[in-house]
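# A closer look at the structure
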Amino acid sequence: MPVNKEAYQSLITELKSRHVKLVAVSKNKPAEDILALYESGQRDFAENYVQELVEKQKQLPDDIRWHFIGHLQSNKVKQIASFVHLIQSVDSLKLLKEINKQAEKNGRVIDCLLQIHIAQEETKFGLDEQELDELMSQYANLLMKNVRIIGMMGMASFTDDMDKVRNEFKYLQSLFNKLNQPLSENDKLPTTNYQLPTLSMGMSSDYKIAIEEGSTMVRIGSLVFGERT
Ligand SMILES: *Cc1c(COP(=O)(O)O)cnc(C)c1O
């Protein structure tokens with residue numbers, strides 16, 4: 001199925017009016033489909049396999065901002081550390097430390113989102129609330145100069161029950177707000193001393209709900225690229 005440029009244009013218009021950023025999820029799609037969207041002005045693309053990302057990055061224009069959204073093994077970070085724009089799927093301190101190390105080797109600061117487990121499904125990765133608190137306090141103490149946590153990412157359950165999806169987004173948004181409160185109002189939770197700007201939630205099937213619940217970034221694949229086979 002070819003890239004749906006009409007769907008893309010109307011999506012862009014819709015998202016612009018809500019100040020929401022579009023990340024086009026290009027996993028399983030060929031480089032020519034990515035180029036077609038690039039020519040329409042899209043610059044943020046996301047992949048969820050390291051090998052696929054590395055190959056596409058080599059073939060495609062240098063000004064593409066590549067996001068990583070899949071489960072990332074620590075031993076593969078070095079393959080993407082020289083160019084990745086935003087790693088959205090940080091789910092452990094071990095991984096964060098490795099990203100910091102590889103970023104330093106490349107003389108970069110790599111932006112990261114913490115992936116939070118919000119779906120009531122065993123198959124999805126991510127931190128729970130307690131793990132999030134632990135990771136944030138370690139992050140505050142460890143002084144990792146080459147990573148910057150700029151927000152959170154979450155995936156809702158794969159279900160037709162949109163009330164359930166909405167509640168999962170609400171929960172993620174509440175965690176996001178909690179971290180963004182000033183220390184004085186919230187001395188129990190370790191926080192950063194800056195506002196986290198990015199809340200990445202919403203895919204093709206649920207992005208409208210995600211935006212109503214405070215998303216600042218949506219990750220959309222099939223709606224613009226066509227169904228994956
Ligand atoms: C595949 C994927 C998406 C996009 O899914 P669509 O339903 O095709 O929009 C978004 N986020 C993550 C983490 C994904 O793996």
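Data block above holds the structure.
What this report covers is the structure whose coordinates are included nearby. (Residues numbered from 1 in each chain as written. Predicted model: local features only at pLDDT ≥ 70, side-chain atom pairs only at ≥ 80, totals over all residues. Heavy atoms only, no water.)

## What about the pattern of salt bridges?
Pairs can form between side chains of opposite charge whenever their charged atoms are close. Taken as a whole and judged by the stated rule, the model has eleven salt bridges. The salt bridge partner of R65 is D44, with a shortest N-O separation of 2.7 Å. On the criterion of sequence distance, the pair formed by R65 in strand β3 (residues 65–68) and D44 in strand β2 (residues 44–47) is long-range, its members being 21 residues apart. Between E213 and K170 there is a salt bridge whose closest N-O contact spans 3.2 Å. Taken together, the residues span a long stretch of sequence, with E213 in the loop between α8 (207–212) and β8 (217–220) and K170 in helix α7 (residues 162–179) at a distance of 43 residues. (Salt bridge = Lys/Arg side-chain N within 4 Å of Asp/Glu carboxyl O. Helix = DSSP H or I, 4+ residues; strand = E, 2+ residues; numbered from the N terminus.)

## Observations regarding the site of the ligand
In the vicinity of the ligand, the residues found are V25, K27, N48, I69, M155, M203, S204, R219, I220, G221, S222 and R228. One of the backbone N or O atoms of S222 is found 2.8 Å from an oxygen atom in the ligand. With respect to the ligand, the side chain of R228 contributes an N or O atom lying 2.8 Å from an oxygen atom. In isolation the ligand has 390 Å² of accessible area, and contact with the protein removes 92% of it. (Near = heavy atom within 4 Å. Polar contact = N/O pair within 3.5 Å; in protein donor to acceptor, adjacent residues only side chain to side chain. Areas by Shrake-Rupley, 256 points an atom, 1.4 Å probe, with all protein chains shown as cover.)

## Let's talk about the packing of aromatic side chains
All chains considered together, the criterion is met by two aromatic pairs. Taken together, a centroid distance of 6.2 Å and an interplanar angle of 45° make the contact between F45 and W66 tilted. Of this pair, F45 sits in strand β2 while W66 sits in strand β3; the two residues are 21 residues apart in sequence, bridging distant segments of the chain. Each of the two residues, F45 as well as W66, counts as buried. Residue class for F45 comes out buried when judged on its relative accessible area of 0%. Lying across the ring of Y38, R43 places its NZ or CZ 3.6 Å from the centre. (Phe/Tyr/Trp six-rings, centres within 6.5 Å; stacked < 30°, edge-to-face > 60°. Buried < 20%, exposed > 50% of the residue type's maximum accessible area, 1.4 Å probe, protein only. Lys NZ or Arg CZ within 6 Å of the ring centre and 35° of its normal.)

## A word on the nonpolar core
One finds I80, I87, L96, I99, L114, I116 and M152 to be the most contacted residues of the largest nonpolar core, which totals 66 residues. Considering each element in turn, this core owes the most residues, six residues, to α7. One finds V23, I69, M153 and M217 within the second-largest nonpolar core, a separate group that totals nine residues. (Core = buried A, V, L, I, M, F, W, Y, C linked by side-chain atoms within 4.5 Å.)

## Quick look at helix α3 (residues 50–59)
For α3, every residue scored as buried is listed here: V50, E52, L53, V54 and K56. The inward-facing, buried residues of α3 contact α2 (31–39), β2, β3 and α4 (77–80). (Contact = heavy atoms within 4.5 Å.)

## With respect to unusual backbone geometry
Here H19, not a glycine, exhibits a phi torsion of approximately 55°, which is positive. Mapped onto the fold, H19 is located in the loop between α1 (5–17) and β1 (21–25).

## What about the pairing of strand β5 (residues 110–116)?
The element β5 is extensively covered by neighbouring structure, given that seven of its seven residues are classed as buried. Every second residue of β5 is oriented toward a common face, with I110, C112, L114 and I116 on one face and D111, L113 and Q115 on the other, all of them buried. For the segment spanning strand β4 (residues 86–90), helix α5 (residues 93–105) and β5, crossover handedness is right-handed. Note: β5 against strand β6 (residues 147–154), seven bridges, orientation parallel. Opposite L113, over in β6, you have G151 as the bridge partner. (Right-handed = clockwise from strand over helix to strand, strands pointing away. Pairing = 2+ DSSP bridges.)

## What about the packing of α5 against helix α6 (residues 129–142)?
For any two helices packed against each other, one specifies the crossing angle of their axes together with the interaxial distance. Viewed as axis vectors pointing N to C, α5 and α6 meet at an angle of 30°, and their least axial separation amounts to 10 Å. Relative to α6, the element α5 lies roughly parallel. Note that α5 runs across α6; the crossing there is right-handed. Contacts from L93, L96 and K97 in α5 reach L135, Q138, Y139 and L142 in α6. (Axes fitted to C-alpha atoms, helices over the stretch in contact; angles between N-to-C directions. Parallel < 35°, antiparallel > 145°, perpendicular 65-115°, else oblique. Left-handed = near helix turned anticlockwise from the far one by under 90°.)

## Focus on the packing of α6 against α7
Axis separation between α6 and α7 bottoms out at 12 Å; the angle between their running directions is 25°. By the angle between their directions, the pair α6 and α7 is classed as roughly parallel. Crossing of α6 over α7 shows right-handed handedness. Every residue of α7 that contacts α6 at E129, L132 and M136 is listed here: Y171, L175, K178 and L179. In terms of residue class, the contact of α6 with α7 is made up of five nonpolar, no polar and two charged. (Nonpolar A, V, L, I, M, F, W, Y, C, P; charged D, E, K, R; others polar.)

None of this, on its own, says anything about what the molecule does.
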